[in-house]
Amino acid sequence: MRWEGGRRSSNIEDRRGGGFGRPLAVGGGAASLVVALLVMLLGGDPSDVQIGTRTSPYSQPGTGGSGNVDPQQEKLKDFASVVLADTEDTWPGLLEPQGVRYVQPRLVLFSDAVQSACGMQESAVGPFYCPGDQKVYLDLTFFDELESRFGAPGDFGRAYVIAHEVGHHVQNLLGVSRKVQSLRNRTSEEQANQLSVLTELQADCFAGIWAHHAQKERNILEQGDVEEGLGAASAVGDDTLQKRARGYVVPESFTHGSAAQRMTWFKRGLEQGTLEACDTFNARR
């Protein structure tokens, strides 16, 4: 992926080494592991699965950590800044015809645990977007996990992760998140899970939209990049994660979609590049 010469975003909030440490998990280590397996990777609103304690009102710590930060992460920070900037250049023009002004989200880099408007979260939940403060949260060590544990290496796979979370921000701006949450509150657990799947698949498709326009306007893709993105989408499928965790799959418990679904919708956004192509909620089954 061609990114080194790209613009850097100013919307980076670096809280790594901020001294939070790991919060105590409700139910101890076993509960934390369950949450990590079910919510791991590209979640929606982590307030649905609280690990630590919720604080209100939200008190934001400083933007710079005082602890030690791995210097090897600095290149990843630079990369994340470029990808975020690229999404900032892509989405305003796509949302303007919808009558929606694009508000740039902030990307919060953290280590171990972080306080957000969605409560205290551990790194185990994976990258997440919090609509309450319109911020994307990312522990950069997640990219190591994506490669070593889930077999999804490469810059474009990492870019897909960030673009997916920004996709949740776009859903928030469009009012999709609010409507889905309202419906989930009035449905059964299985139906609520299905709504979550459709929400996640749309965010995958939105990540594809970003890639479509970034390639068209800025020529970012190199040979093998699309495969990297599809590989990352497959690695975070519910069936892939459930097989890894317990050896079998329970489709009715899916909250993010199967590997095949996630690849399909990411590819659809990549190929068509339109919001209309990403209407997972009205797509024919």
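Definitions and cut-offs
- Residues numbered from 1 in each chain as written.
- Predicted model: local features only at pLDDT ≥ 70, side-chain atom pairs only at ≥ 80, totals over all residues.
- Heavy atoms only, no water.
- Buried < 20%, exposed > 50% of the residue type's maximum accessible area, 1.4 Å probe, protein only.
- Helix = DSSP H or I, 4+ residues; strand = E, 2+ residues; numbered from the N terminus.
- Contact = heavy atoms within 4.5 Å.
- pLDDT = per-residue confidence, 0-100.
- Core = buried A, V, L, I, M, F, W, Y, C linked by side-chain atoms within 4.5 Å.
- Polar contact = N/O pair within 3.5 Å; in protein donor to acceptor, adjacent residues only side chain to side chain.
- Axes fitted to C-alpha atoms, helices over the stretch in contact; angles between N-to-C directions.
- Parallel < 35°, antiparallel > 145°, perpendicular 65-115°, else oblique.
- Left-handed = near helix turned anticlockwise from the far one by under 90°.
- Nonpolar A, V, L, I, M, F, W, Y, C, P; charged D, E, K, R; others polar.

**Topic: unusual backbone geometry**
For glutamine 134, which is not glycine, the phi dihedral falls at a positive 55 degrees. Residue classification places glutamine 134 among the partly exposed residues on the basis of a relative accessible area of 26%. Within the chain, asparagine 219 stands out as a residue other than glycine whose phi angle is a positive 55 degrees. Mapped onto the elements of the fold, asparagine 219 is located in the loop between helix H6 (189–218) and helix H7 (225–235). On the basis of relative accessible area, asparagine 219 is assigned to the partly exposed category, the value being 42%.

**Here we look at the environment of valine 103**
Here valine 103 is to be found in the loop between helix H2 (73–95) and strand E2 (106–109). Valine 103 sits in the partly exposed class, given a relative accessible area of 25%. When the C-alpha positions of valine 103 and tryptophan 91 are compared, they lie 9.5 Å apart, and in sequence the two are 12 residues distant. Beyond its immediate stretch of four places on either side in the chain, valine 103 contacts Gln134, His169 and Leu173.

**Considering the confidence of the model for the protein**
Considering every residue of the protein, the mean pLDDT works out to 82; 81% of them sit at 70 or more. When pLDDT is averaged over each helix and strand of the protein, the minimum, 38, is found for helix H1 (residues 28–39) and the maximum, 98, for E2. Throughout residues 21–42 the model reports pLDDT below 50, and contacts reaching past four residues in sequence, or to other chains, amount to 53 contacts. Segment residues 49–66 is flagged for pLDDT under 50; beyond a separation of four residues in sequence, or across chains, it makes 48 contacts in the model.

**A look at the nonpolar core**
With 57 residues, the main nonpolar core has Met1, Trp91, Phe156 and Trp210 as its most contacted residues. The residues contacting tryptophan 91, other than those within four sequence positions of it, are Tyr102, Val166, Val170, Phe206, Ile209, Trp210 and Leu275.

**Structural notes on the environment of glutamate 13**
By the secondary structure assignment, glutamate 13 is in strand E1 (residues 12–14). Given the relative accessible area of 1%, glutamate 13 is considered buried. Along the sequence, glutamate 13 and phenylalanine 110 sit 97 residues apart, while their C-alpha atoms lie 8.7 Å from each other. Within polar-contact distance, the side chain of glutamate 13 engages the side chain of lysine 135 at 3.1 Å.

**Focus on H7**
Residues spaced three or four apart along an α-helix face the same direction, because each turn holds 3.6 residues. Considered for burial, the residues of H7 that qualify are Asp225, Gly229, Leu230, Ala232, Ala233 and Ala235. The secondary structure elements touched by the buried residues of H7 are helix H4 (155–174), helix H8 (238–246) and helix H9 (259–272).

**Overview of the packing of helix H3 (residues 141–148) against H4**
For the pair H3 and H4, interaxial distance at closest approach is 11 Å and the crossing angle is 125 degrees. In terms of orientation, H3 and H4 fall into the oblique class. When you trace H3 past H4, the crossing you get is right-handed. Between H3 and H4, the contacting residues are Phe142, Phe143, Leu146 and Glu147 on the first element and Gly157, Arg158, Val161 and Ile162 on the second. Looking at the contact of H3 with H4 residue by residue, the class counts come to five nonpolar, one polar and two charged.

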